[in-house]
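Spelled out, the chains give:
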Amino acid sequence: MRVYAMIRFNRTVHYKELSIRGELSMEVKSLPPSALRKISKPQQEWKIIIAIYLYLAGMGAGSFIIGMLLHWWRVDLNPLHLSSIEFLGFQLNLIRVPILWGPIMVAIGAPFLILDLGIKWRFFYACLNPRTSWVARGFIILSVFIVLGLVLFVKSLFPSSLDSSLWVILEGIALVFAFATALYTGILLKATKSVPLWNTPLLPILFLTSALSTGSMAIILSVLGTRLISFQSSALKLLMYGEQLFVVIEGIVLYLFLSHTYRISEQGKDSVRLLLTGNLRYIFWQGIVLLGLFFPIVLEWISKAYQNPSLLFFAGISLLTGGFFLRLGVLRAGIKDQIPMQRLIEIRHQMRPTN
Amino acid sequence: MEQKVLLVDQEKCTGCRQCEMVCSVYHTGASNPSRSRIKVVKWEQVGLYLPMTCNHCEEAYCVEVCPTKACHREPENGHCVVIDKNLCIGCRTCIIACPFGQPFFDHQERVTVKCDYCDGDPQCVAFCNVKAVSFVNADEAHLAKKREAAAKLADLLLKHTKG
């Protein structure tokens, strides 16, 4: 009498056929329960367009902050060899152009935010409800900063003696909005509470320090573009010291940010792993660490030692690229907290690692 | 109007994905499960299926982050959270904010969509053959959960006293 046995596997069983010396043997391997658990994937909603926007807004605002402080302190950078031009009958003064062009960058970056929307022409709906959310407040902050910044930029072109107290107040307001813009890029991400990597007050601080370092470097580069730099200029030395200080602070904040996220939750740990050893490791180690932190410091040091401005140019490009990769890396590594029901099911069926 | 909720019995679900199909047909007119408002999460290796849909949370993150108030609560419609398609700008902030992975971006309509209880008659409930999804009063759902918890507690106590 034959006995039919019905075997029910409740897990996938892998059969591996091995042919050794003509004999056929079979190896049965069952997956451990912890291997069946669902690994959360990083968010796919906000991608490179938002990263470009975050970068341009941060860098523009940062360079405006540094430029405005230089303007207030009456710091004289190297004079342009072409200090003024005649345009349509007006005599335009270009002395302040290299330090006040930040709002133009923000004005270029802001349309990227609109470009990412599902229905682009509806962007003004967000401006109509400023009290609802951080996305809406951001529209307002950015618009005010762009308008004020451009007004001050245009004003700097005309060598008039309009230096009344009204302008100083206006410059003060613009400076506050520049800080708000640089911080806002981080707050926008922080406001979405379910991503542990972003939901930390260190993120706006990280973006602010990165904005200041990339901003001061952008000013150095724009001065560099106008005339060969002289390393004896005390203003430039001050700017470079400031910029290096910001890069060092950025590195420290980045370390604190990652170690805090790693400790805070399981998905935070996944995010940090994704950056350090996962798919985003090239963006992190080569983009953020090498280009954004290491190269600029080393190249600037060498360029100062050998009085070589062309190396400073490469240091600048490297730092600016690193600033972009920082935004891109943080954006792409955003992993949401696990859905509570999924977590419950995985605990109930022992699909989670024991440690 | 009394508040009603979708109650999911995960142990009954067979993973047939009928709910996804009818949801998509009802809302979009296309039998395309990728445009459905309910999604069945599967652990194929262990045969576990979990239909996931919007929880209409009391403190809804999607409502908090919406820049245009398109995502709002409707007190007259059983306190459910809905997205007004005519106001949505498609910024996808709600998708990132939701801890339950819920609102979905409809690539054809270019707006975010979510479960709205099919205006009071959820199609997933009507078409679920094994009754894994049911539409019940919120109080009843709480009662069922309390009963379940009490039964578990009784089991534990029994084991404890026998041990």
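Residues numbered from 1 in each chain as written. Chains lettered and ligands numbered in written order. Predicted model: local features only at pLDDT ≥ 70, side-chain atom pairs only at ≥ 80, totals over all residues. Heavy atoms only, no water.

**Student:** Please explain the overall build of chain B as it appears in this structure.
**Tutor:** Scanning chain B from N- to C-terminus turns up five helices and eight strands. Written out in order from the N terminus, the α and β elements of chain B read β-α-β-β-α-β-β-α-β-β-α-β-α. Taking the principal axes of its C-alpha atoms as reference, chain B extends roughly 60 × 30 × 30 Å. The proportion of buried residues among the 163 residues of chain B is 47%. Long-range contacts, defined here as pairs at least 24 residues apart, represent 52% of the contacts in chain B between residues at least 6 apart. Surface summary for chain B: the accessible area is close to 8,500 Å², and the carbon and sulfur share equals 54%. Here chain B contributes 20 positively and 20 negatively charged side chains, and the mean placements of these two sets differ by 5 Å. (Helix = DSSP H or I, 4+ residues; strand = E, 2+ residues; numbered from the N terminus. Buried < 20%, exposed > 50% of the residue type's maximum accessible area, 1.4 Å probe, protein only. Contact = heavy atoms within 4.5 Å. Areas by Shrake-Rupley, 256 points an atom, 1.4 Å probe, with all protein chains shown as cover. Lys, Arg positive; Asp, Glu negative; His and termini not counted. Charge placed at Lys NZ, Arg CZ, Asp CG, Glu CD.)

**Student:** Honestly, the interface of chain B and chain A in this entry has me stumped. Any pointers?
**Tutor:** Accessible area lost when the parts come together is the quantity often used to give the size of an interface. Taken together, the contacts link 39 residues of chain B with 38 residues of chain A. A combined buried area of about 3,300 Å² lies between chain B and chain A, and 61% of that area is made up of carbon and sulfur atoms. Looking at the side of chain B facing chain A, the largest losses of area belong to W43, I89 and I96 of chain B, adding up to 22% of the total buried there. Linking chain B to chain A there are two salt bridges. Of the charged contacts, one joins D116 of chain A and R92 of chain B as a salt bridge, the two residues approaching to 3.1 Å between their closest N and O atoms. The interface formed by chain B and chain A holds 15 residue pairs in polar contact (both at pLDDT 80 or more) in total. Of all the elements in the fold, those that place two or more residues in the side of chain B that touches chain A are β2 (39-43), β3 (48-52), α2 (61-65) and α3 (93-97) of chain B. Top contributing element to the side of chain B that touches chain A by residue count: α3 of chain B, with four residues. Among the residues forming the side of chain B that touches chain A, the class breakdown is 22 nonpolar, eight polar and nine charged. (Buried area = accessible area lost by both parts, 1.4 Å probe. Salt bridge = Lys/Arg side-chain N within 4 Å of Asp/Glu carboxyl O. Polar contact = N/O pair within 3.5 Å; in protein donor to acceptor, adjacent residues only side chain to side chain. Nonpolar A, V, L, I, M, F, W, Y, C, P; charged D, E, K, R; others polar.)

**Student:** What should I look at first to understand the environment of V22 of chain B in this one?
**Tutor:** Residue and element names in this part refer to chain B. As for its placement among the helices and strands, V22 is situated in helix α1 (residues 18-28). Linking V22 and F104, residues 82 residues apart in sequence, is a C-alpha distance of 16 Å. Those residues within four positions of V22 in sequence are excluded, and the remaining contacts are Q123, C124 and F127.

**Student:** Can you walk me through the side chain of T68 of chain B in this structure?
**Tutor:** With respect to the helices, strands and loops of the structure, T68 of chain B is situated in the loop between α2 and β4 (71-74). A relative accessible area of 3% places T68 of chain B in the buried class. Within the structure, the side chain of T68 of chain B is placed 3.3 Å from the backbone oxygen of L87 of chain B, a separation counted as a polar contact. Beyond its immediate chain neighbours, meaning those up to four positions away, T68 of chain B contacts Y125, A126, N129 and T132 of chain A together with L87 and I89 of chain B.

**Student:** It is not clear to me how the nonpolar core should be interpreted in this structure. Could you clarify?
**Tutor:** A general tendency of soluble globular proteins is for nonpolar side chains to be buried together. Counting residues in each nonpolar core, the largest one holds 91 residues, and the members touching the most others are L189, W198 and L254 of chain A. Residues C13, V82, C124 and C128 of chain B belong to the second largest nonpolar core, which totals 18 residues. (Core = buried A, V, L, I, M, F, W, Y, C linked by side-chain atoms within 4.5 Å.)

**Student:** Even after reading the chapter, I still don't get the pattern of salt bridges, so can you show me in this structure?
**Tutor:** Once their charged atoms are close, side chains differing in charge can pair, the charge on each being opposite to the other. According to the stated counting rule, one finds eight salt bridges over all chains in the structure shown. D270 of chain A is the partner of R273 of chain A in a salt bridge, and the nearest nitrogen-oxygen pair spans 3.5 Å. Here R273 of chain A and its partner D270 of chain A are both found in helix α9 (residues 266-276), three residues apart, which amounts to about one turn of the helix. Two residues, K85 of chain B and E109 of chain B, come together in a salt bridge whose shortest N-O distance is 2.9 Å. Placement of K85 of chain B in the loop between β5 (80-83) and α3 and of E109 of chain B in the loop between β6 (104-106) and β7 (111-113) is noted, with a sequence separation of 24 residues between them.

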